[in-house]
Amino acid sequence: MMEWLWTLVLVVVAFLGMEVFAWYAHKYIMHGWGWGWHKSHHESHHQPHLKNTGGVFEKNDLYVVVFSLVVIGLFAVGDLYWKPLMAIASGITLYGVVYSLFHDGMVHRRWPIRWQPKSGYLKRLVQAHRIHHAVRTREGTVSFGFLYAPDVRKLKKRLKQQQAASLAGARHDR
Ligand SMILES: [Zn+2]
Ligand SMILES: [Zn+2]
């Protein structure tokens, strides 16, 4: 296969792989031992239904800083030792750009973009992430993906089950 085609394949695979990675990281790191940073995002004034009362940044943005540093490192290592790594780093960067436009721009309105999808897959994606933000606690949350979203009705059903389960758990703890 021609070299540019391999490059393209690596970029696409890295981009798609990032959604899988982001899902796991969101579920098991951010809603796990990394909740200390992510909590700010669930209490954030960047929720469209809350008034903008705080500053521009959230503690959760530190994740973006950390991931960016890692990607810069990947570019550097790729440039020095293994060029294909640069294609992978490009795919990750592309994911970051799309994630930022979608998650920060469309859902949380942190970019000066007013456009909101009225129908179709993009609307489902926004709704799915709003359902994620229906819960402000670490537990009982659903919908951890950013660019892939299951059916909204299924998510709502699962959210109800989770909340019932965590309420039962809380009662049990007392
Ligand atoms: Zn979250
Ligand atoms: Zn969010």
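Residues numbered from 1 in each chain as written. Chains lettered and ligands numbered in written order. Predicted model: local features only at pLDDT ≥ 70, side-chain atom pairs only at ≥ 80, totals over all residues. Heavy atoms only, no water.

If you check an unreviewed UniProt entry, the protein appears there as Sterol desaturase family protein from Microbulbifer salipaludis. Here the protein is described in UniProt, under the heading Sequence similarities (unreviewed entry), as follows: "Belongs to the sterol desaturase family." (UniProt positions renumbered as here; feature names shortened; annotations may be inferred.)

Asks: Tell me about the pattern of salt bridges, and name the residues and values.
Replies: Between side chains of opposite charge, a pair can form as their charged atoms come close. Enumeration according to the criterion identifies six salt bridges in this entry. A salt bridge links Glu-43 to Lys-39; the nearest nitrogen and oxygen atoms lie 3.1 Å apart. Asp-79 serves as the salt-bridge partner of Lys-83, at 3.1 Å between the closest nitrogen and oxygen. Residues joined in a network through salt bridges with shared partners are Asp-61, Asp-104 and Arg-110. (Salt bridge = Lys/Arg side-chain N within 4 Å of Asp/Glu carboxyl O.)

Asks: Please set out the coordination of the zinc ion (ligand 2) residue by residue, giving values where relevant.
Replies: His-41 (NE2), His-103 (NE2), His-108 (NE2), His-129 (NE2) and His-133 (NE2) make up the full set of protein donors to the zinc ion (ligand 2), lying at 2.1 to 2.2 Å. Relative accessible area serves as the criterion here: at 3%, His-41 is assigned to the buried category. (Donors = N, O, S within 2.8 Å, 3.2 Å for Na, K, Ca; no water. Buried < 20%, exposed > 50% of the residue type's maximum accessible area, 1.4 Å probe, protein only.)

Asks: Please give an account of the packing of aromatic side chains that cites residues and values.
Replies: For the coordinates displayed, the defined rule picks out nine aromatic pairs. Look at Trp-23 and Phe-144: their rings are 6.2 Å apart centre to centre, the planes differ by 80 degrees, and that puts the pair in the edge-to-face class. Taken together, the positions of Trp-23 in helix 1 (residues 3–33) and Phe-144 in the loop between helix 5 (120–132) and helix 6 (152–173) put the pair 121 residues apart, joining distant regions of the chain. Take Phe-144: its relative accessible area is 6%, and that puts it in the buried class. Measuring from ring centre to ring centre gives 4.9 Å for Tyr-99 and Phe-146, while their planes differ by 90 degrees; the resulting arrangement is edge-to-face. Of this pair, Tyr-99 sits in helix 4 (residues 84–107) while Phe-146 sits in the loop between helix 5 and helix 6, placing them 47 residues apart in sequence. (Phe/Tyr/Trp six-rings, centres within 6.5 Å; stacked < 30°, edge-to-face > 60°. Helix = DSSP H or I, 4+ residues; strand = E, 2+ residues; numbered from the N terminus.)

Asks: Provide a residue-level description of the UniProt feature "transmembrane region" (unreviewed entry) in the protein, including the pertinent values.
Replies: UniProt marks residues 6–25, 61–78 and 84–102 with the feature "transmembrane region" (unreviewed entry), using the numbering shown here. Segment residues 6–25 splits into 100% helix and 0% strand. End C-alpha atoms: 27 Å apart. Segment residues 61–78 splits into 94% helix and 0% strand. End C-alpha atoms: 26 Å apart.

Asks: Residues and numbers for the nonpolar core, please.
Replies: Generally speaking, a soluble globular protein has its nonpolar side chains buried in company with each other. Of all hydrophobic cores here, the largest spans 24 residues; its most connected members are Tyr-95, Phe-102 and Ile-131. Among the elements of the structure, helix 1, helix 4, helix 5 and helix 6 are those that each provide at least two residues to this core. In terms of residues, this core owes the most to one element, helix 4, which gives seven residues. Sequence-distant contacts of Tyr-95, that is, excluding residues within four places in its chain, are made with Phe-15, Met-18, Glu-19, Ala-22, Phe-146 and Leu-147. (Core = buried A, V, L, I, M, F, W, Y, C linked by side-chain atoms within 4.5 Å. Contact = heavy atoms within 4.5 Å.)

Asks: So what's going on with unusual backbone geometry? Residues and values would help.
Replies: Unlike most non-glycine residues, Arg-109 shows phi in positive territory, near 55 degrees. Within the fold, Arg-109 resides in the loop between helix 4 and helix 5.

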